[in-house]
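Breakdown of the fold
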Amino acid sequence: MADAPESILIDDIATLVTNDPSRGRGAVGEIPDAALVVEGGRVAWAGPRAQAPDADARVDAAGRCVLPGFVDSHSHIVFAGDRSREFAARMSGRPYSAGGIRTTVAATREASDADLLVGAERLVGEARAQGTTTLEVKSGYGLTIRDEERSLAVAARVTDEVTFLGAHVVAPEYADDPDGYLDLVTGPMLDACAPHARWVDVFCERGAFDEDASRRVLTAGMERGLLPRVHGNQLGEGPGVRLGVELGAASVDHCTHLSSADVDALAEAARRPRPTVATLLPGVDFSTRQPYPDARALIDAGAVVALAGDCNPGSCFTSSLAFCIALAVRDMGMTPDEAVWAATAGGARALRRTDVGHLAPGARADLTLLDAPNHIYLAYRPGVPQVAAVWKDGALVAGRP
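Residue numbers restart at each chain and count upward from 1, following the sequence in its written direction. Totals for whole chains, interfaces and linings use every residue, but because this is a predicted model, local features are given only for residues with pLDDT of at least 70 and side-chain atom pairs only at 80 or more, for both listing and counting. Processing note: side-chain calculations cover all non-hydrogen atoms of the structure and skip hydrogens and water entirely.

1. Some points on the overall build of the protein
Definition in use: Strands are runs of DSSP state E lasting at least two residues, helices are runs of H or I lasting at least four, and both sets are numbered from the N terminus onward. Our radius of gyration looks at C-alpha atoms and nothing else; its globule reference is 2.2 Å times the residue count to the power 0.38. Burial here depends on accessible area, computed with a 1.4 Å probe over protein chains only, as a share of the maximum for the residue type. Under 20% is buried, over 50% is exposed, and the range in between is partly exposed.
Scanning the protein from N- to C-terminus turns up 13 helices and 16 strands. Since a compact globule built from 401 residues should have a radius of gyration of about 21 Å, the 21 Å found for the protein is in line with a globular shape. Projected onto the principal axes, the alpha-carbon positions of the protein cover approximately 70 × 50 × 45 Å. For the protein, with 401 residues in total, the buried portion stands at 60%.

2. Some thoughts on the nonpolar core
Rules: We define a nonpolar core as any set of buried Ala, Val, Leu, Ile, Met, Phe, Trp, Tyr and Cys residues linked to one another through side-chain atoms lying within 4.5 Å.
Ranked by size, the top nonpolar core spans 92 residues in total, and within it Phe-164, Tyr-181, Phe-209, Leu-307 and Met-334 carry the most contacts. Residues Leu-16, Val-66, Ala-388 and Ala-389 belong to the second largest nonpolar core, which totals 20 residues.

3. A closer look at the packing of aromatic side chains
Aromatic ring pairs are defined here through the distance separating the ring centres and the angle between the ring planes. Going by this rule: Ring pairs shown here join Phe, Tyr and Trp side chains whose ring centres sit within 6.5 Å, with only the six-membered ring taken for Trp; geometry is labelled stacked below 30 degrees between planes, edge-to-face above 60, and tilted in between.
Going through the model one piece at a time under the given rule, you end up with five aromatic pairs. Both rings, one in Phe-79 and one in Tyr-141, keep their centres 6.4 Å apart while their planes meet at 75 degrees; by these two values the pair is edge-to-face. Of this pair, Phe-79 sits in the loop between strand S5 (70-72) and helix H1 (84-91) while Tyr-141 is found in the loop between strand S6 (132-138) and helix H4 (145-158), placing the two residues 62 residues apart along the sequence. Here Phe-79 falls in the buried class, since its relative accessible area comes to 9%. Note on Phe-79 and Phe-317: the rings are 5.9 Å apart at their centroids and 75 degrees apart in plane angle, and the pair reads as edge-to-face.

4. With respect to the environment of Val-43
The following threshold applies: The contact criterion used throughout is that any non-hydrogen atoms of two residues lie within 4.5 Å.
Examined against the element boundaries, Val-43 turns out to sit in strand S3 (residues 42-48). For Val-43, a relative accessible area of 3% gives the class buried. Expressed as a C-alpha distance, the spacing of Val-43 and Pro-385, which sit 342 residues apart in the sequence, is 26 Å. Every residue in contact with Val-43, bar those within four places of it in the chain, is listed here: Leu-36, Val-37, Leu-359, Ala-360, Pro-361, Gly-362, Ala-363, Arg-364 and Ala-365.

5. With respect to the packing of H4 against helix H5 (residues 178-193)
Inclusion rule: The axes are straight lines fitted to the C-alpha atoms, using for helices just the contacting stretch, and the angles between their N-to-C directions are given from 0 to 180°. Roughly parallel refers to an angle under 35 degrees, roughly antiparallel to one over 145, roughly perpendicular to one between 65 and 115, and oblique to any angle outside these ranges. Definitions for this section: a left-handed crossing has its near helix turned counterclockwise from the far helix by less than a right angle. A right-handed crossing has that turn clockwise. Ten residues, namely Ala, Val, Leu, Ile, Met, Phe, Trp, Tyr, Cys and Pro, are considered nonpolar, four, namely Asp, Glu, Lys and Arg, are considered charged, and the remaining ones, Gly among them, are considered polar.
The interhelical angle for the contact between H4 and H5, taken along N-to-C directions, is 40 degrees, at an axis separation of 9 Å. Classified by the interaxial angle, the pair formed by H4 and H5 is oblique. The handedness of the crossing between H4 and H5 is right-handed. Each of Ile-145, Glu-148, Glu-149 and Leu-152 in H4 lies in contact with H5, whose residues at this interface are Leu-184, Pro-188, Met-189, Ala-192 and Cys-193. Of the residues contributing to the contact of H4 with H5, the split by class is seven nonpolar, no polar and two charged.

6. Re the sheet that holds strand S14 (residues 367-370)
The condition is simple: For two strands to pair, DSSP has to find at least two bridges joining them.
Strand order across the open sheet formed by seven strands is S3-S2-S1-S4-S14-S15-S16, with mixed pairing between neighbours. What marks the edges here is a single partner per strand, and that holds for S3 and strand S16 (395-399). Pairwise comparison of adjacent strand axes, ignoring direction, gives a mean angle of 35 degrees for this sheet. Alignment of strand S15 (residues 387-392) against S16, held across four bridges, turns out to be antiparallel. Bridge assignment links Lys-392 to a residue of S16, and that residue is Ala-395.

Here it is as structure tokens:
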């Protein structure tokens, strides 16, 4: 077997999105007629094609666009079962509520570890083929010590961005004792799960956990070394954003219903060295017929905005960040540049990562080659497969150039 080349020149790039304004035009650092050199799984050089250095091998981009791999900072892909009929009922007029999660909990508890892994790997492969190279994965469909711990073990097989979400909803057997379930989540369950996770999350929402319970979950996780993130403000205005900002959470996810005070808090948090990101999940709002978040208000106020997929079996069963970008541009007031930045660099900030989401020298060589001349096509041609090839750490993992 031949040795892999030490360096690779990706040449004849019509548009290179670097997300580095010092290297190109606008916030996305767009370089026309560009080239990129990959060495040792990292970006070694990026710039105008005419100035490209030599490399051991060459890949012809053939006048197409290269951008950073998508960074999807919110998913729930460790699960079993099917909720398609729930979706059909919702499309017929039944409102969305958090209660449907319990249907997935029952199926997940019955599934074997092997079956859960097969399902997660399938969805990771599906997302990767659509340009996602970094994917956060949560637990939250086990809600027992054993089932949460094994869900996290499965998640750790497919990603290094693993989140403990025992506080998704109150487990059904604790329906009459929510305080007892909170004791479990913040005690024995957390003790068992913390070694398998990087993050702790809570669904701070009516029908799930109130502000006091959410604060208790997050602070308990932080005391055990986990970093906080929050599900908040999905079903109505509430304390999720304020709590996330107060505790220095990396992200508050959903942000569908925000007061002016919430927007101001996220804008103020954006000025911190480690901002609290507003992660918007337009696929959820599409699939539940909820209002879309006002991304324009957040961006104009100065908040940091990310886009994520929230792939899950109930409220949003899509793994396509390209679809989410198209929704954000069409229905949330974002420009194509802003939406692409939010799905790459924004997602990286929501995961507090500096090695992904951009293509400056030193970054991981996580790249997506579009079968299009520029990134605007992601919103311009919605629903059309446009990902020609995907590299992760410099290795081709999907498609072909």
